[in-house]
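# Per-entry structural report
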Amino acid sequence: MTFLTRLDDGSLKQGHAPSFALSQRGRAGLEILGAIQTFSSGTLRPVAAATFATSPQGEALSADHAAEHPALSQRERIAKARTVCEDDPVYRLERFFQRYVAEENFNRGIPAIEERRAQFLAYDAAMENAAGEAGDAGAETGSLTLDEGLEIPRYYARVEWHLEPGGWDGYDLYGALFAFGVGPYVFSKGGYAAVGIGDDIVNQRVKTIAQFPKDSYARIYEPGCGGVSTLKAVHGRFPEAELTGADLSPLLLENGARMARRFGFPVHLKQADCAKASGEADASYDGVITYALHHELPPKANRALLAEMFRILKPGADIVLADPPPFRAVSMFHAVILDWDTHHREEPFFSAVLHESLEAMLAEAGFTQIESYPLGQDQYPWITRARKPDTPSHQEATR
Ligand SMILES: C[S@@+](CC[C@H](N)C(=O)[O-])C[C@H]1O[C@@H](n2cnc3c(N)ncnc32)[C@H](O)[C@@H]1O
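Residues numbered from 1 in each chain as written. Predicted model: local features only at pLDDT ≥ 70, side-chain atom pairs only at ≥ 80, totals over all residues. Heavy atoms only, no water.

So, on to the pairing of strand 8 (residues 313-323). Most of strand 8 is tucked away, with nine of its eleven residues classed as buried. Both strand 7 (residues 285-291) and strand 8 contribute to a ladder of six bridges, which runs parallel. Of the residues in strand 8, the one forming a bridge with Val288 is Ile319. In terms of handedness, the path from strand 7 via helix 11 (residues 299-312) over to strand 8 forms a crossover that is right-handed. Bridging between strand 8 and strand 10 (residues 382-387) involves six bridges; their strand directions are antiparallel. The residue of strand 10 that forms the bridge with Ala322 is Ile383. (Buried < 20%, exposed > 50% of the residue type's maximum accessible area, 1.4 Å probe, protein only. Helix = DSSP H or I, 4+ residues; strand = E, 2+ residues; numbered from the N terminus. Pairing = 2+ DSSP bridges. Right-handed = clockwise from strand over helix to strand, strands pointing away.)

Next comes the structure, spelled out in structure tokens:
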């Protein structure tokens, strides 16, 4: 999810690029995972959804879910709906495939890259040289600042996000695995987690950036930037903006810095815990963007992060958040599908965050003009955007 998945999209520097590809075995092993995922979410899931929606319990739970004053709490409703779904063998088979693919992405992806390690490293070095020559020719450069002493928050430290062995930093060639394996052959098909079948996660980022309401921004900040996938889309829309991204993961930041150099856009990448201290000055940014971040933080850390973003934004600045939709915004059946990720795809905070409202959190932090709406199928990405008021609130003035 975090790495650029189209290294050959035409924006690479011309003339120097040697090619890199997986072996036939490696490629085909991942390709079939993409096909299983497509069959699971494109063919089996609609059948399971229809079975649920037309069953008497499914109908009653869906009506309660849509009611203005539901009889059951959201948690109770989802638990009951899950039981109804699990009675259906098609639902169980669909979920089996989802879990199988999520796990096999790494069981197959890591050996597929390992088998070609030497070729990848040679390719990578050649690409670095080409990017270096472009830099010497006067292209603007960015920066990378790592903080070896950074305290990694407890909620993050031991999680193998999305079943990734060792977590974000668990394998030195995760960048290659996503860029040349899981990205093009599995993730690009959509139909996993909150991403709708056939949806393109590269294009979803471009659509998200278009939600910034102004025509230009001088300085934009992305907390939880991972690599530079989202910042690259920001650069495409606002080429004049100075860009800064921060993340906890040194591996993602290092990969991001390399990609930014190759794509030839300057970005300042910093290792920081954005829910604690970004290290940025008060009122120093015109815009903040987040993409697929909030569901990876416990609600308390989200509140702290949004307060920190409020602090670093200038009065009148904009914030745009893109994350999976809250449970209240999706069908009863889809709420069960999203909730499943918490229990089966190593997303410990997914449900906790989807029960909450990012709008309410933004209001608590002091933002105004708050609105939220979906951009694509299954209400994903779900946008929540707001503005820091021009004049400080009474609360802020007396802080
Ligand atoms: C799903 S990834 C999204 C990455 C990126 N926004 C993108 O569009 O690809 C979530 C990222 O949030 C980062 N993260 C989680 N908690 C963080 C925190 N407290 N401070 C900074 N980054 C954090 C993770 O390391 C991970 O790279």
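Further remarks concern the packing of aromatic side chains. Under the counting rule described, the total for this entry stands at 26 aromatic pairs. Ring geometry for Phe20 versus Phe180: centroids 4.9 Å apart, planes at 80°, classification edge-to-face. Here Phe180 lies in helix 7 (residues 174-185) and Phe20 lies in the segment before helix 1 (24-54), a separation of 160 residues in the sequence. A single burial state applies to Phe20 and to Phe180, both of which are buried. Aromatic pair Tyr91 and Phe333: ring centres 6.3 Å apart, planes at 80°, arrangement edge-to-face. Placement of the pair is Tyr91 in helix 4 (residues 89-114) and Phe333 in helix 12 (residues 332-344), with a sequence separation of 242 residues. A single burial state applies to Tyr91 and to Phe333, both of which are buried. Here a set of aromatic residues connected by ring pairs shows up, and it is made of Phe106, Tyr171, Tyr174, Phe178, Phe187 and Tyr192. (Phe/Tyr/Trp six-rings, centres within 6.5 Å; stacked < 30°, edge-to-face > 60°.)

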